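# Inside the fold
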Amino acid sequence: FHANISDLDPENVNGKLRITDFKFINDKTMVPLDTIKVDVFSNTATNNFYFHSQVLDASVIGKYKIEDVATLFKQTLSNYFNISDINSEYIPTNNTFFTLNATVKNNNVLYRLLPELESFKTAKINAWYKANADAFSININLPDLIYGANNFSNIVFKTYTEDNKIDYNFSI
């Protein structure tokens with residue numbers, strides 16, 4: 001474990017974290033992982049979060065307060081669905097925006113953590129969110145998955161806002 005963090009303020013986190021010699025324990029199986037890397041860089045214009053491991057690579061780049069993202073997204077969804085909580089406090093969007101990219105890799109660690117996993121091809125998630133525009137897009141692509149008795153090919157899920165509505169497409 002190694003950390004070099006210059007600022008822990010949630011609105012201005014800057015630093016690097018390295019986790020080495022990490023092991024998952026699944027029932028009686030110990031699954032070691034290579035180094036897990038987390039890099040976070042913030043300034044007045046952007047927040048940049050990067051995660052890298054054997055199984056997952058992800059980045060979130062934009063301008064956001066991590067503690068407000070779920071509430072802001074709920075506010076956006078409440079324009080399309082009746083999910084508003086009368087008691088919830090409105091959070092000004094303050095130009096909150098971000099792009100998320102993630103790759104779940106086909107790696108032997110997955111097979112060891114999920115014993116019923118028989119086949120998996122690298123999955124990708126790409127998304128963006130603009131709170132001021134109440135707009136978002138989420139794309140998930142999973143080319144191949146065999147888990148136990150379930151066999152899926154070419155799973156594609158896309159949802160996005162356009163013309164004051166949410167469109168979606170799901171195929172399998």
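Our structure's up above, just so we're on the same page.
Definitions and cut-offs
- Residues numbered from 1 in each chain as written.
- Predicted model: local features only at pLDDT ≥ 70, side-chain atom pairs only at ≥ 80, totals over all residues.
- Heavy atoms only, no water.
- Core = buried A, V, L, I, M, F, W, Y, C linked by side-chain atoms within 4.5 Å.
- Buried < 20%, exposed > 50% of the residue type's maximum accessible area, 1.4 Å probe, protein only.
- Helix = DSSP H or I, 4+ residues; strand = E, 2+ residues; numbered from the N terminus.
- Contact = heavy atoms within 4.5 Å.
- Phe/Tyr/Trp six-rings, centres within 6.5 Å; stacked < 30°, edge-to-face > 60°.
- Lys NZ or Arg CZ within 6 Å of the ring centre and 35° of its normal.

## Section: the nonpolar core
Note on soluble globular proteins: their nonpolar side chains tend to be buried together. Counting 12 residues, the largest nonpolar core consists of Val 31, Leu 33, Ile 36, Val 55, Val 109, Leu 110, Leu 117, Phe 120, Ala 123, Leu 142, Leu 145 and Ile 155. Contributions of two or more residues to this core are made by strand S4 (29–33), helix H2 (108–113), strand S9 (117–120) and strand S11 (135–147). When sequence neighbours within four positions are dropped, the list of residues in contact with Leu 33 reads Phe 22, Phe 24, Gln 54 and Val 109. In terms of nonpolar packing, the next biggest core, distinct from the first, is built from 10 residues, Tyr 64, Val 69, Leu 72 and Leu 77 among them.

## A closer look at helix H1 (residues 69–77)
Taken as a whole, H1 has its buried residues at Val 69, Leu 72, Gln 75, Thr 76 and Leu 77. Where H1 is buried, its residues contact strand S8 (97–104), strand S10 (123–130), S11 and strand S13 (165–171).

## Details of the packing of aromatic side chains
Scanning the model with the defined rule gives six aromatic pairs in all. With 5.7 Å between their ring centres and 55 degrees between their planes, Phe 98 and Tyr 129 make a pair best called tilted. Highlighted residues: Phe 98 in strand S8 and Tyr 129 in strand S10, separated in sequence by 31 residues. Here Phe 98 and Tyr 129 have matching classes, each one buried. Among the aromatic side chains, those forming a connected cluster through ring pairs are Tyr 64, Phe 73, Phe 98, Tyr 129 and Phe 136. Here the basic side chain of Lys 130 rests over the ring of Trp 128, its NZ or CZ set 5.1 Å away from the ring centre.

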